[in-house]
Amino acid sequence: MLPDPDAFVEVEAAVSPALMNEVRDGFMVEDVSILLPKFSFASELKLVKTLSEMGMPDLFTWTVARVAILLRQAVETSHPIQTM
């Protein structure tokens, strides 16, 4: 719940430590159960162009990139995609 955009100055002027203490003193502690629906989402971001523009174009040239040395295992990068 927000005030009208034009009323923010008025609301800020009304908020004081005393008001906040009064609000806090009115709180009750109570255990509640909250049920949330199960959901999932996925997203995919292609990184070749972005990383190249950030100065890492050689990351995608396996003869130049030294990713394998950093990871201590064989790696070939051609089309990296971040999946969330």
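Note that residues are indexed from 1 along each chain, following the sequence as it is written. Where totals are concerned, whole chains, interfaces and linings use all residues; where local detail is concerned, this predicted model gives features only for residues with pLDDT of at least 70, and gives and counts side-chain atom pairs only at 80 or more. Just so you know, side-chain values use all the structure's heavy atoms and leave hydrogens and water out.

**Some thoughts on the overall build of the protein**
- Where helices and strands are cited, they refer to DSSP runs of H or I of at least four residues and of E of at least two residues respectively, numbered from the N terminus. Per the secondary structure count, the protein includes four helices and two strands.
- Each helix and strand of the protein, ordered N terminal to C terminal, gives the series α-α-β-α-α-β.
- Buried means the residue's accessible area, taken with a 1.4 Å probe over protein chains only, is under 20% of the maximum for its type, while exposed means over 50%, and partly exposed covers the values in between. Among the 84 residues that make up the protein, the fraction classed as buried is 6%.
- For the protein, restricting intrachain contacts to residue pairs at least 6 apart in sequence, the fraction spanning at least 24 positions comes to 50%. Contacts are assigned to residue pairs that have any heavy atoms within 4.5 Å of one another.

**Details of a nonpolar patch on the surface**
- A grouping of V11, V15, L19, M20, V23 and F27 is seen on the molecular surface, where their side chains present a nonpolar patch of about 530 Å² in accessible area.
- At three residues, the largest contribution of residues to the nonpolar patch is made by helix α2 (residues 17-25).
- Tracing the sequence through the fold places L19 in helix α2.
- The class for L19 is partly exposed, based on a relative accessible area of 33%. The patches reported here contain residues having more than 30% relative accessible area and no salt bridge. Joining distances are 9 Å for like charges and 5 Å for nonpolar side chains (Val, Leu, Ile, Met, Phe, Trp, Tyr). Only the protein chains shown count as cover for residues, with accessible areas throughout obtained via the Shrake-Rupley method and a probe of 1.4 Å. A pair is scored as a salt bridge if a Lys or Arg side-chain nitrogen falls within 4 Å of a carboxyl oxygen belonging to Asp or Glu.

**A short note on the pattern of salt bridges**
- The final tally for this structure, using the stated rule, is two salt bridges.
- Put simply, D25 and R24 hold a salt bridge, and the shortest N to O gap is 3.5 Å.
- With relative accessibility at 57%, the residue D25 sits in the exposed group.
- A salt bridge links K49 to E53, with the shortest nitrogen-to-oxygen separation between them at 3.9 Å. With K49 and E53 both in helix α3 (residues 48-53), this residue pair falls four residues apart, about one helical turn. This pair shows no difference in class: K49 is exposed, exactly as E53 is.

**As for the confidence of the model for the protein**
- Predicted confidence across the protein gives a mean pLDDT of 78, with 68% of residues reaching 70 or more.
- pLDDT is a per-residue confidence score from the predictor, ranging from 0 to 100. Here strand β2 (residues 81-83) is the element of the protein with the lowest mean pLDDT, 59, and α2 is the one with the highest, 92.

**Re the environment of P3**
- With respect to the element layout, P3 can be found in the segment before α1 (8-14).
- Non-local contacts of P3, meaning those with residues more than four positions away in its chain, are made with F8 and V11.

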